[in-house]
Amino acid sequence: MSATFDLDLDPEILAAARRGERAGQAAIYRQFERAAYGLARRMSQCPDTASDILQNSFLRAFRVLDQFRGEAPFGHWLRRIVATEALTQLREQRRWRELFVPEAVEDCTVGVEDVSQVDLERALALLPPVPRSVLWLYHVEGYTHAEIAEASGKTASFSKSQLARAHQKLRELLRVTPLSGTAAGGPTLMEVA
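Calculation rules
- Note that residues are indexed from 1 along each chain, following the sequence as it is written.
- Reporting in this predicted model follows two pLDDT cut-offs: at least 70 for local features of residues, and 80 or more for side-chain atom pairs to be given and counted; totals over whole chains, interfaces and linings ignore these cut-offs and use all residues.
- The basis for every side-chain value is the complete set of non-hydrogen atoms in the structure, without hydrogens or water.
- The rule is short: rings of Phe, Tyr and Trp, with Trp giving its six-membered ring, pair when the centres are within 6.5 Å, and they are stacked under 30 degrees, edge-to-face over 60, tilted in between.
- Under the DSSP-based scheme used, a helix requires at least four consecutive residues in state H or I and a strand at least two consecutive residues in state E, with every element numbered from the N terminus.
- Relative accessibility thresholds used throughout: buried, under 20% of the residue-type maximum; exposed, over 50%; partly exposed, between the two (1.4 Å probe, protein chains only).
- Expected span of a helix, by definition, is 1.5 Å for each gap between consecutive residues, and there is one gap fewer than residues.
- In what follows, a contact means two residues having at least one pair of non-hydrogen atoms within 4.5 Å.
- Here, nonpolar core refers to any group of buried Ala, Val, Leu, Ile, Met, Phe, Trp, Tyr and Cys residues whose side-chain atoms link them within 4.5 Å.
- By definition, a salt bridge exists where a carboxyl oxygen of Asp or Glu is found within 4 Å of a side-chain nitrogen of Lys or Arg.

**What to know about the packing of aromatic side chains**
Counted by the stated rule, this structure contains six aromatic pairs. Where Phe58 meets Phe62, the ring centres are 5.9 Å apart and the plane angle is 45°; that geometry is what we call tilted. Placement of the pair is Phe58 and Phe62 together in helix α3 (residues 47-63), with a separation of four residues, close to one helical turn. The buried category is assigned to Phe58, whose relative accessible area is 3%. Ring centres 5.4 Å apart and planes at 45° place the aromatic pair Phe74 and Trp77 in the tilted group. Taken together, the residues span about one helical turn, with Phe74 and Trp77 both in helix α4 (residues 74-100) at a distance of three residues. Residue classification places Phe74 among the buried residues on the basis of a relative accessible area of 5%.

**Focus on α3**
Between its terminal C-alpha atoms α3 stretches 24 Å, which fits the 24 Å expected from 17 residues at 1.5 Å a residue. Turning to α3, its buried residues are Thr49, Ala50, Ile53, Leu54, Ser57, Phe58, Ala61 and Phe62.

**Description of the side chain of Ser159**
Within the secondary structure, Ser159 sits in helix α8 (residues 156-174). If we skip the residues at most four places from it in the chain, Ser159 touches Val134, His145 and Ile148.

**A word on the nonpolar core**
Ile28, Phe32, Met43, Phe58, Phe74, Trp77 and Leu78 are the most contacted members of the largest nonpolar core, which has 45 residues in total. Listed by contribution, the elements that provide at least two residues to this core are α1 (11-18), α2 (22-44), α3, α4, α5 (120-126), α6 (129-140), α7 (145-152) and α8. The element that contributes the greatest number of residues to this core is α4, accounting for eight residues.

**Some remarks on the pattern of salt bridges**
Counted according to the given criterion, the structure contains three salt bridges. A salt bridge links Arg19 to Glu21; its shortest N-O distance comes to 2.8 Å. The class of Arg19 is exposed, set by a relative accessible area of 57%. Relative accessible area serves as the criterion here: at 35%, Glu21 is assigned to the partly exposed category. The partner of Glu172 in a salt bridge is Lys169, with the nearest N and O atoms 3.3 Å apart. With Glu172 and Lys169 both in helix α8 and three residues apart, the pair spans about one turn of that helix. Classification of Glu172 by relative accessible area gives partly exposed; the value is 41%. For Lys169, a relative accessible area of 18% puts it in the buried group.

Dropping the structure here:
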């Protein structure tokens, strides 16, 4: 089955899940598990954290299922829950690091020998969690800055600054200049952003 949030959800399955029937909830979980995990994994870059995000997202979705109005596809509603949960997890991890590991520095270039050879996936993995998540939500998931701000409990300016930070770090990692692309024939800025 395709890992996408755009799949149609059978209204009978939704009705059963709303009644609290485990069979309906299990069907929803099976249909959207891969898409939800994929988003959580991209945002967290950690399989264990992604699994926690996945579990918490579905638990939350089933608790607030009565809030789904059907104005958009069910998967889009669920995607928003997963993104919000991922941002919440990242925020909690950041607080923990600040409290208990004050010397932790988000230096994305550690271990990179020749940055011009780093592919886009590796470069994305090297971004700090929050800018990477904002970049993913904005460019891949299609969220607006206002939606990211609402999901993260921050302002639209915060979202914009994190996106700019992600773009700048990607330029550094891929050695991309706004006008010339890369010397090694790698992706241009438009391909990266």
